There are 4 protein chains.
Amino acid sequence: MDQHPTEAGLPALYREMAPHHLFPLWEVLHALVTPAPRSAARPALWRYAEARDFLLRAGALISAEQAERRVLILENPALPGTSSVTPSLYAGLQLILPGEVAPCHRHAQSALRFVMEGSGAHTAVDGEKAIMRPSDLVLTPNWQWHDHGNGSDAPMIWLDGLDIPTVRFFEASFAERLDGPAHPETAPPGDTALRYGRNLRPFRGTAAARRPGSRPLFHYPHAEWSAALDALEAADAPDPHLGHALEFTNPADGGPVMPTIAAHVRRIPAGFTTRARRSTDGTVFVVVSGSGTARVEGTEFRLEERDLFVVPSWHALEIEAGPALTLFAYSDRAAQEALGLWREGRS
Amino acid sequence: MDQHPTEAGLPALYREMAPHHLFPLWEVLHALVTPAPRSAARPALWRYAEARDFLLRAGALISAEQAERRVLILENPALPGTSSVTPSLYAGLQLILPGEVAPCHRHAQSALRFVMEGSGAHTAVDGEKAIMRPSDLVLTPNWQWHDHGNGSDAPMIWLDGLDIPTVRFFEASFAERLDGPAHPETAPPGDTALRYGRNLRPFRGTAAARRPGSRPLFHYPHAEWSAALDALEAADAPDPHLGHALEFTNPADGGPVMPTIAAHVRRIPAGFTTRARRSTDGTVFVVVSGSGTARVEGTEFRLEERDLFVVPSWHALEIEAGPALTLFAYSDRAAQEALGLWREGRS
Amino acid sequence: MDQHPTEAGLPALYREMAPHHLFPLWEVLHALVTPAPRSAARPALWRYAEARDFLLRAGALISAEQAERRVLILENPALPGTSSVTPSLYAGLQLILPGEVAPCHRHAQSALRFVMEGSGAHTAVDGEKAIMRPSDLVLTPNWQWHDHGNGSDAPMIWLDGLDIPTVRFFEASFAERLDGPAHPETAPPGDTALRYGRNLRPFRGTAAARRPGSRPLFHYPHAEWSAALDALEAADAPDPHLGHALEFTNPADGGPVMPTIAAHVRRIPAGFTTRARRSTDGTVFVVVSGSGTARVEGTEFRLEERDLFVVPSWHALEIEAGPALTLFAYSDRAAQEALGLWREGRS
Amino acid sequence: MDQHPTEAGLPALYREMAPHHLFPLWEVLHALVTPAPRSAARPALWRYAEARDFLLRAGALISAEQAERRVLILENPALPGTSSVTPSLYAGLQLILPGEVAPCHRHAQSALRFVMEGSGAHTAVDGEKAIMRPSDLVLTPNWQWHDHGNGSDAPMIWLDGLDIPTVRFFEASFAERLDGPAHPETAPPGDTALRYGRNLRPFRGTAAARRPGSRPLFHYPHAEWSAALDALEAADAPDPHLGHALEFTNPADGGPVMPTIAAHVRRIPAGFTTRARRSTDGTVFVVVSGSGTARVEGTEFRLEERDLFVVPSWHALEIEAGPALTLFAYSDRAAQEALGLWREGRS
């Protein structure tokens, strides 16, 4: 007499169904719908000095033009083979040597650049150059033509932050290369910033609205955001969980810089330690200046200037500053808010 | 003399970098940023009659309450182990037997139900029941409490469409169970439809705005959508690529039913064949009535009533109706449009 | 020696400045910027029976076609010569006799119609007829072609509510007449309601999106709104200040029916008296059914079926129902909310 | 036998109806709904030198504190007794003498200030000062506390642009005075500009979001807008109808500076004449620098630095620059666009 008819019957059913691509939800429901996020990613730190060495060696071995983009991918140790730093985001360090160009292309993927070192190279977006200085933020939004070149006499290195895994996930990648290395120049450097970056916009109906109205601005200079952060620090007590923090915005709608990526900067005053905070947007950080310690759940990272680290979704982060720490950060918060998914928790 | 210093040098570099989680973009760029989508999924068809048999067998082996949800997952043959029907979406067939309940829970995942057979069971959302009839659409949006029960005397089967893979991708899953099997009744069936479903809304500032204002409606009866589709067919020539098609909307903003999922219905007139159309939103279809043939790139499916099939991203679809075909469909178009990624192509 | 140099000096200054069109703010500031609204309008009531008699006499004296629109304007007694019922709104009673047509025109002014008596006449909007039944609401939004005709065998009377004073105030009136009395028929009656009025919309990119997407729906039948109001009354306790109230919405965005005009319906249960409530949107009411008393600051109106009354901005309104009272109402709340001006006060 | 029964009958009907506040639409329809706007206003010019003299005389006769606001209203010659420069807008010239304050109040009316002369006085908004320089734009939006003071050693004069007639029209005026002359200081000058004016915003959820998020910025310095206009002139050919033109925006949403008022600046290159353009938004202009001629339908104005002029709705405007002309302008375009009424015509 079978005392366990159910147990015996289910495996047989599973075996018969599987070839029909039918599977029992009840065996996996609790893994599919978890009570809180369980990130596939792992906290990780990249020492800039090490990465820089490898990048310069790569610079001796392959040209920017040959590579199309000469970039070292920062891949999350827990996501091997994915080229992802978090499940939804990509991070890479790009090198352009003096005299080099990276040819012009465009794609459905949205990108940001954050300058790690060097000064005077450019990113051109739809034919307008942003002359890049250390710690500048430059955007190349979805489907805008872009190329890079280094007219300075020193190597130029920046962080590339893209939504490559997000576009791959939604299976919506499109890309094309422009014939020739560079887009014809369409405007002098700074032109867009003057039209859209000063709380102004071209009067509607005039030719002055040269750029796509929904996402015109692409250069956020260090000189501007750091002055704002300095002022904030002078005026306010630090937020217990964040220190001082400012988000970059799209002047066309006041929202995040791109539909898939949000970016912000933080200042942790000297000697200050933030309280634990977690959020669902796994976040990539760059140490712009200062030093200190980051604690991400059980993991502790000693932070030095220009180091990069990643905090996965729903991992509690505390930051302790030695000398005042300034951080740049980007995440998929823009996408998560658009989809009604973003949450945070503060202890 | 080494004539290929570069080739020799790069592998060495790669070997040294890998332990530092640094990898060369130029070896993978063309796979990461493709000129057009290359879906990981494959076109697939599930015969309803077959799936139904397995489901009823499962019904004899495990109770709805034991299973929490007694559902067979329709997993894409090209995505084994993922419980996904497309990379971003989930599909399952749920059975509730007479007298059964599926206990009350809520989660960050958004769900739709499309009734395959049976009449009179209910989905309760935040304590208000939708009495489900064949081919009704019922929503259980993100973080709204829901439970199911079958007070009828026949089995009830519906399709569950969820954004489980999307929430997993963004690592933003939250869930909780309510104590006890059912949420207390908060309103009679149909209450929300009367308040929000007739191009009306409760006067703001009154208690009548009982439901969350941004996403109040959750029941779209077959009687309504099929009458609209009949009228459309009587009035218009069919669109060459779509036949007649109506999208379900959220009355609070006129947009898609949920932030991550869009749903629509189509009618292909008897004898009509649609021209090839592709879009970036991989789509799950249910044959509501009629029969015919679907051609998805090289694959051909013979369609019978209640069959289910999936068309991956950027796969050209042509549909040929024998007797008039009525289809229900859902996809991630809502998410893709919010993120600026959605595209279509018509031949 | 002048002991009041200032007083003497100011009048002289005023006299000299006036021809230069310069005037002292300080003499009028407190009238221009008041601590609370002081309406130029006055509460007023129109007995439907009286107005109807005049309207039928007008019907014997001038044809609908001669008049272009045979309408009696309900002018606020405190706003003589303005054709306004409140400073921003217009109200009129329109008569179409059997066999008559009102010729086709369009204008920047937005209009609503609320049927007072008769059944079977039509308003055609861009060539699609709404067959009008008692207490139906019909819209003719800004710049949409419209004409009326009465194919029934009885006189048809409706209330016209327009934003004529608002468009006059902003000096933005445009209008044109169509050659010929009627727009060619573009769709059968009810076509738009089926495409847009059932929480559906035509699949984007198909010809089915025949109507302007931002404002497609124009017919809100009494059968629908009254059933919703009945259900609300059965389910909820009345709101102390409003009774039961539902606002008509634009399904394309979930907002008010037109950018300048909002409309709603109320039910005051038999024997119920609402508490005093004031709001900045002066409001026109129609007694759809029932009877009772309205108290508007010091003024008291006895209400009978089909009577019309107006409550100016910021006048406290209390309504006492004898038998249950059903009211239709429209106001400029839509405009005021768009401009950040709307407020209410509840006692 | 009466050969004109209709004509005889209508006047009698009109006489009988009038006491019931009922009037025939057909006698006034063509005046109410005109084929194009007929402005009640008239083009007008105010010489700054003249107005300034009167204003300084007023300064000798009444204190800023006594006057609450010491302002000369620029009243449209065709709108006597209305304190309006166009039907929807107000313009005035305000004088603050050294050491004076204008006491703190707030109101539903939205205001802008454009500095005509003087440097170093302030407008404080919710307790944060904007230090005002010539040709700066300063906002005091709806219901934000504001006061003014002149700590410099010279008189300070600015243009006040408000929506007083619009708020009066909608009967939605609210106002209150703060006890004491000034709001306590809440932040140092420039604090808001640093938080919100550099394409940044305080990270959400932190105390740094000190200002109302929907309308935080209130100071648009001349140094910024004129640099942008200079750059535009260097880069582009002038628009034939506008010259070079930039609109001020609200960084929180990328739209107009306030819900009722839009503001912009123009540059007409030396010797350039714009083609005729009309729009429904009657507009107030200030000559910031340069000189030239404005032709408004039949009227011609010789323009000198700091003169002010008004162009009514739908009046064709051509501007001829002698030396390059820079203009500041404000209008009700923001309101008209929100209400779906705005149009322009270009010849």
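Since this is a predicted model, take the numbers as computed values, not measurements.

Residue and element names in this part refer to chain B. The element strand β11 (residues 156-162) is largely enclosed, with a buried count of seven among its seven residues. Along β11, one buried face is formed by M156, W158, D160 and L162 and the opposite face, lined by I157, L159 and G161, is buried too. Bridge count between strand β6 (residues 111-117) and β11: six bridges; the pairing is antiparallel. When the sheet's bridge partners are listed, F114 is paired in β11 with L159.

With that settled, the discussion passes to the environment of A18 of chain D. Residues and elements named next belong to chain D. With respect to the element layout, A18 can be found in the loop between α1 (5-17) and β1 (22-24). Taking relative accessible area as the criterion, A18 reaches 27% and is therefore assigned partly exposed. Here the alpha-carbon distance between A18 and F203, two residues 185 residues apart in the chain, equals 62 Å.

Okay, the interface of chain D and chain C next. In this complex, chain D contributes 79 residues to the contact, which on the side of chain C involves 79 residues. There are two salt bridges connecting chain D and chain C. The salt bridge partner of E16 of chain C is R57 of chain D, with a shortest N-O separation of 2.8 Å. Inspection of the region where chain D meets chain C yields 30 residue pairs in polar contact (both at pLDDT 80 or more).

To continue, consider the interface of chain A and chain B. Listed by partner, the interface residues are 79 residues for chain A and 79 residues for chain B. Taken together, both faces of the contact between chain A and chain B bury some 7,100 Å²; the carbon and sulfur share is 69%. Viewed at the interface, chain B and chain A are joined by 30 residue pairs in polar contact (both at pLDDT 80 or more). It is helix α1 (residues 5-17) of chain A that contributes the most residues to the side of chain A that touches chain B, seven residues altogether. Within the side of chain A that touches chain B, the residues separate by chemical class into 48 nonpolar, 19 polar and twelve charged.

Here the focus is helix α7 (residues 222-235) of chain C. Over its 14 residues, α7 of chain C extends 20 Å from the first C-alpha to the last, a length consistent with the 20 Å expected when each residue adds 1.5 Å. Along α7 of chain C, the residues classified as buried are E224, W225, S226, A228, L229, A231 and L232 of chain C.

With that settled, the discussion passes to the relation of the copies chain A and chain B. At an RMSD of 0.0 Å, chain A and chain B line up after a rotation of 180° and a shift of 0.0 Å along the axis. The relationship between the two copies is best expressed as a two-fold rotation axis. Proximity to the rotation axis, assessed at the C-alpha, singles out A338 of chain A in chain A; its C-alpha lies 3.2 Å from the axis. A shared binding surface is used by both copies, with 100% of the interface residues of chain A retained as interface residues in chain B.

Only a minority of non-glycine residues have a phi that is not negative, and only a minority of peptide bonds are not trans. All names here are of chain D. With a phi close to 50°, D126 is a non-glycine residue in the positive phi region. On the basis of relative accessibility, which here comes to 19%, the residue D126 falls in the buried class. Of note in the backbone geometry, S135 takes a positive phi value of approximately 70° without being a glycine. Structurally, S135 is set in the loop between β8 (128-131) and β9 (137-140). A relative accessible area of 2% means that S135 is categorised as buried.

Bringing the arrangement of the chains into the picture now. At their nearest point, the C-alpha atoms of chain A and chain C are still 17 Å apart, with no contact between the two. There is a clear gap between chain B and chain D: no contact, and 17 Å between their nearest C-alpha atoms.

Once turned by 180° and shifted 0.0 Å along the axis, chain D lies on chain C with an RMSD of 0.0 Å. The residues that chain D uses at the interface reappear at the interface of chain C in 100% of cases, marking a shared surface.

Each strand in a sheet pairs with another by means of backbone hydrogen bonds, the pair being arranged parallel or else antiparallel. One open sheet holds the seven strands; their spatial order is β14(C)-β9(C)-β6(C)-β11(C)-β4(C)-β3(C)-β1(D), and the pairing between them is antiparallel. Lying at the two open borders of the sheet, with one neighbouring strand each, are β14 (219-220) of chain C together with β1 of chain D. Strands β3 (71-74), β4 (90-96), β6 (111-117) and β11 (156-162) of chain C together with β1 of chain D of the sheet are contacted by helix α3 (residues 48-61) of chain C, whose axis makes an angle of about 55° with β4 of chain C.

Rules used throughout
Residues numbered from 1 in each chain as written. Chains lettered and ligands numbered in written order. Predicted model: local features only at pLDDT ≥ 70, side-chain atom pairs only at ≥ 80, totals over all residues. Heavy atoms only, no water. Buried < 20%, exposed > 50% of the residue type's maximum accessible area, 1.4 Å probe, protein only. Helix = DSSP H or I, 4+ residues; strand = E, 2+ residues; numbered from the N terminus. Pairing = 2+ DSSP bridges. Contact = heavy atoms within 4.5 Å. Salt bridge = Lys/Arg side-chain N within 4 Å of Asp/Glu carboxyl O. Polar contact = N/O pair within 3.5 Å; in protein donor to acceptor, adjacent residues only side chain to side chain. Buried area = accessible area lost by both parts, 1.4 Å probe. Nonpolar A, V, L, I, M, F, W, Y, C, P; charged D, E, K, R; others polar. Expected span 1.5 Å × (residues − 1). Least-squares fit on C-alpha atoms with pLDDT ≥ 70 in both. Axes fitted to C-alpha atoms, helices over the stretch in contact; angles between N-to-C directions.

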